[in-house]
Each structure stands twice: as C-alpha cells, then as structure tokens.
Amino acid sequence: MLTTLKVIPQLVCWALLVPVLSRSLSGTATAVAAAAGFVAGVAGENLLLAYAGGELPFRPLRGVCGVIFLLLWGASVWALYRGGSTRSEAEAKATASAPLAACAVAVGTGVLAGALTLCRLAPLDGGAVRLAPYLTLAVAGAVLAVGASFPARYLSRRVVPQGIPLAALVVSVLMFMACSVQRLDIFSPLSMEVMKFVHDFVHQFFESMLIPDHPFFRSDVWGYIGLLFSDKVGFWGGLVLWYLPVLLIALALRLRRLPSVAHIRQGAERRKLLAAFIRERRLRLVAPLLALAFLTAAAYQSRFPATEYWDPKPIEVTATPAGQIVIPKKGEVELEDGKLHKFSYRQGSREARFFVMLTPAGQLVTTLDACAICQPEGYGQAGNAVICYYCRTLIPLETVGKPGGCNPVPIPCSVKGDAVAIDAMTLLNTWESTVQVTSHGKGMGK
C-alpha cells in the first residue's frame, strides 16, 4: 500500500498529460506510443538499477532533465523574439500530417515519465525494484495512457496547447516528477549554483576593491552584505530562473499581435473577429498557468522532501592528556554499522562537530559536520547518500572522506585496534577555519 501511494502523484500527472498530448498531436496513435514509451522507460531504468550501482542509474535521467529545461529556456526566448507567434499555421499542419514525429515526441515523453516514476520506487540502499511493484507500475502507466485517448476526444482544441506552450506544460510535469526523487532533483542544484555564483561574485568584487580593509567602511553595513551569503539568495535566485521560461512564454502569448481587420468593412464583423482572437489568446494562457503550478509543486517538493534522514544527536567526547580523541568502534555506538555517527568536542570556548562512518569500501572516515562551501548546518543520511542540509546537495557515500565541493571536510584519523583516534587541535583548527570562511565569506571575516 505504501509503495502504491508513492507513485500516485506521478501517475495522476501522467494521466493528465497523455490526453493533452493525444489531442495536440496525432490522437490514438500518440496515446499508444506514449504507453509503449512509459513501459520502455520503466523497464530500462529498472535494468540500470539492477546492474549499475551507486548514482549511475540516476545520472542519465538527471542530465536529460537538465537538458530539456535548458531547451525550454531557448524556446521561451525564441517565442518572445517572434512576438508571441509560438506556432504558425504551417507548423500546425506539418505536425498534424507527420504522425511519426508526433509519435516520437510521445515515446520520448513516455520513456522519461516511466523512468522518473520508477525511480520513486527505487530502494534507498540501491538495487532494482521488486517484481510485483515493477510490473504493476508498467501496466498501470500503459493502461492510463491508452485509456486517455478516449477523454481526449472531448477536449476543446482552443484549450489544448500546441507548440511551445505544449512543451512548457510537458517539461513542467516532468520537472515535478523529477523533483519528487531527491537523487533526480533539479531545483536544489540550480539554487546552489546561483548561491555559489553570488558568493563568488561578491567575494571577488570586495577583494578587488579592497573594501574589507577600508577604514571608513561602516561595520553595520556588513549586516546587509551578509544577506548575500545566506541560502535565501540561492533559493530566490533559483526561483527566478525556474519560473522565467514559462513567464516569457506567457508574455509572448499575451503580446501576440491582433489580426489585421482593415479589409473588413463592417464594424460588427471587425469587433467579432477581434473578440474571438482575444478570447483564444486568453485560453492559450491556460497551459503556462498550469506549467507554473507544476513548477511550484516541484520547487516545494525539492525544498521540503518527504525523505526522513538519519540525523543522530552529537555525542560529546573528550581528549586524552596527549590531545587525542579516542572513540571505540563498539560501545555506545557501533561505528562500523554503515550509519553516520555524530560527535562534538569542546575545549573551553572552542567547539567542533564531526562525524564518523564506514564507507561502502569498508573504510572508517572522520569528517567535519560541515563543508568548505556552505554554512555549517550539518549532514543527514538516507540510504547510499548523505545530504547537506544547507544547499540540499546529495553526496554519495563512496565520496565521503574525500575533499572538494560540498563534501564534508575530511579530518585525519588513525584506526588503532578497536578505536579511532583524532588529534583534538587539528579538529578544532580545521573547524574554525572552515566555519570562518563559510559564515563570513572568504577574505571577509569581519
């Protein structure tokens, strides 16, 4: 039952998307092609999950989702450049008379939708989906697609989007499906890249202008500059980039020029023609509005994921007279159980937070509960990955203990018999240097 509930939102989106594709393109043939694509996507992704470990099964999907989002950006700019003419009559007739092209679009959409939906069922610790859920999902997706061809006949062509608005709706639905799986999330990496860009730009600007060392630079101004180093900058900047393509498409539709009525002598006929065009233009805005709704739901899922992370409360530890923090492998916690175990060490007013875990390679590693990029909000663990709570980046367990990017900063340790030993001063110094940089910005520690 819980397995079924996981994919209900994705299947509902699929059931709503196929009638639109069927009505916009080639009717029943499109629905059949979409059904075949969905089954192929489910089967192909399950094979990847069964025979490829780690993040490999998810990388192609994440890459494709990123590419189609970039293509939507290009299409939105093109629509605005053309003055709102998102699809000419010639293009509409060409697509209607090219069922192979329409079926290719339906198959591609189905493959992506099927693969994204199956990933919702993928075990957190890796491996393929069990046979019963796998077959049930494939059959359900195919039945919904074929059955959608019947209600599609009753959809008004004036409401059904075509061309670029249709692409916006399809991409937004696929983004919603992707963001429901954290390993396929697109919005969080986008927000993180915006945040990094702002951080680096502000840092380089202040460094080049020597503003941090200026004697007349008021100290209270740093409070406002510090806002540029919060995660809110990445979130709001990411939202702008997330919504802008669809907003540009809506603007292009809204700015579509009225038809020429100079050749019509009767005023009533002119008004009738103009009123019909304005009414049709308003109806065409339905697709961008629905796309905005799906993108909003995708951003919400990215920001507030349903996954519950293993995040134990840090255990306080002390150092020996020789300045070594010694943690037994077995005792209050089992360090070799594959889980993340957090600890904290205090020396006077100085305090550092770190964790110890066993990697899939069988090596015990110790790292700070912070990285060299983000503010130190810590990490949680789910399945075969840990997540940075600040920027929502997923880090595969295979890379924990290695420096770089958003990976937790590694701390040298030595495994002596049945215990792990860490130098206390190295831990404190590394924590303080890392936190000073991520809290205030490099070179801006005022």
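Coordinates for the structure precede this section.
Residues numbered from 1 in each chain as written. Predicted model: local features only at pLDDT ≥ 70, side-chain atom pairs only at ≥ 80, totals over all residues. Heavy atoms only, no water.

(A) Region of the structure containing the packing of aromatic side chains. In this structure the tally under the stated criterion is 11 aromatic pairs. With a centroid separation of 6.2 Å and an interplanar angle of 65°, the aromatic rings of Phe176 and Phe294 are classed as edge-to-face. Here Phe176 is found in helix H7 (residues 164-179), whereas its partner Phe294 is found in helix H12 (residues 286-303), with 118 residues between them in sequence. Considered together, Phe176 and Phe294 belong to a single accessibility category, that of buried residues. Taking 5.4 Å as the distance between ring centres and 65° as the angle between the ring planes, the aromatic pair formed by Phe187 and Trp242 counts as edge-to-face. Remark: Trp242 occurs in helix H10 (residues 231-254) and Phe187 occurs in helix H8 (residues 187-209); sequence separation between them is 55 residues. For the pair formed by Phe187 and Trp242, the shared burial category is buried. Taken together, the aromatic side chains of Phe69, Phe187, Phe235, Trp236 and Trp242 make up a single cluster linked through ring pairs. (Phe/Tyr/Trp six-rings, centres within 6.5 Å; stacked < 30°, edge-to-face > 60°. Helix = DSSP H or I, 4+ residues; strand = E, 2+ residues; numbered from the N terminus. Buried < 20%, exposed > 50% of the residue type's maximum accessible area, 1.4 Å probe, protein only.)

(B) The arrangement of the sheet that holds strand E2 (residues 324-328) in detail. Taken in spatial order, the three strands of this open sheet run E2-E11-E10, and their pairing is antiparallel. Strands with a single pairing partner mark the edges of an open sheet, and in this sheet they are E2 and strand E10 (414-416). Pairs of neighbouring strands in the sheet enclose a mean axial angle of 30°, with direction left out of account. (Pairing = 2+ DSSP bridges. Axes fitted to C-alpha atoms, helices over the stretch in contact; angles between N-to-C directions.)

(C) Representation of helix H3 (residues 59-81). Taking 1.5 Å of rise per residue, 23 residues should cover 33 Å, and H3 covers 33 Å from first to last C-alpha, within 8% of that figure. Every buried residue belonging to H3 is among Leu61, Cys65, Ile68, Phe69, Leu72, Ser76 and Ala79, and all of these are buried. (Expected span 1.5 Å × (residues − 1).)

(D) Representation of the environment of Phe176. A residue is classified by how much of its surface remains accessible, and Phe176, at 9% relative accessible area, is buried. For the pair Phe176 and Phe187, spaced 11 residues apart in the sequence, the C-alpha separation amounts to 9.9 Å. Dropping the residues within four chain positions of it, Phe176 is found in contact with Pro9, Cys13, Phe294, Ala297, Ala298 and Gln301. (Contact = heavy atoms within 4.5 Å.)

(E) Local environment of the nonpolar core. By size, the foremost hydrophobic cluster in this structure holds 74 residues, and its most contacted members are Met175 and Trp242. Among the elements that take part in this core, H7 stands out by supplying 13 residues, more than any other. Counting residues in each nonpolar core, the second largest holds 23 residues, with Val317, Ile325, Val333 and Leu428 among its members. (Core = buried A, V, L, I, M, F, W, Y, C linked by side-chain atoms within 4.5 Å.)

(F) Highlighting the pattern of salt bridges. Considering all chains together, one arrives at six salt bridges under this definition. Taking the shortest distance from any N to any O, the salt bridge between Lys342 and Asp369 comes out at 3.2 Å. Linking Lys342 in strand E3 (residues 341-347) with Asp369 in strand E5 (residues 364-371), this pair joins segments that are 27 residues apart in sequence. By relative accessible area, which is 1% here, Asp369 ends up buried. Between Asp369 and Arg353 there is a salt bridge whose closest N-O contact spans 2.7 Å. (Salt bridge = Lys/Arg side-chain N within 4 Å of Asp/Glu carboxyl O.)

(G) Layout of the pairing of E5. Within E5, eight of the eight residues are buried, which leaves it mostly tucked inside the rest of the structure. Pairing between strand E4 (residues 350-358) and E5: five bridges, direction antiparallel. Counted as the bridge partner of Phe354 is Leu368 from E5. Here E4 hands over to E5 after five residues, with Gly362 in that stretch at a positive phi of 85°. The pairing of E5 with strand E9 (residues 408-411) spans three bridges and is classified as antiparallel. Bridging across to E9, Thr367 finds its partner in Pro410.

(H) Spotlight on the side chain of Ser344. Looking at the element boundaries, Ser344 is found in strand E3. With sequence-adjacent residues up to four places away left out, Ser344 is seen in contact with Pro314, Ile315, Glu316, Val317, Glu351, Ala352, Arg353 and Phe354.

(I) Region of interest: the environment of Pro19. Within the secondary structure layout, Pro19 lies in helix H1 (residues 2-24). In this structure Pro19 comes out as buried when scored by relative accessible area, which is 9%. Each C-alpha atom of the pair Pro19 and Tyr154 lies 9.7 Å from the other, and the pair is 135 residues apart in sequence. Setting aside anything within four residues of it in sequence, one finds Pro19 in contact with Ala148, Ala152 and Leu155.

(J) Inspection of the environment of Trp236 at higher detail. Mapping Trp236 onto the fold places it in helix H10. Each C-alpha atom of the pair Trp236 and Met195 lies 9.4 Å from the other, and the pair is 41 residues apart in sequence.

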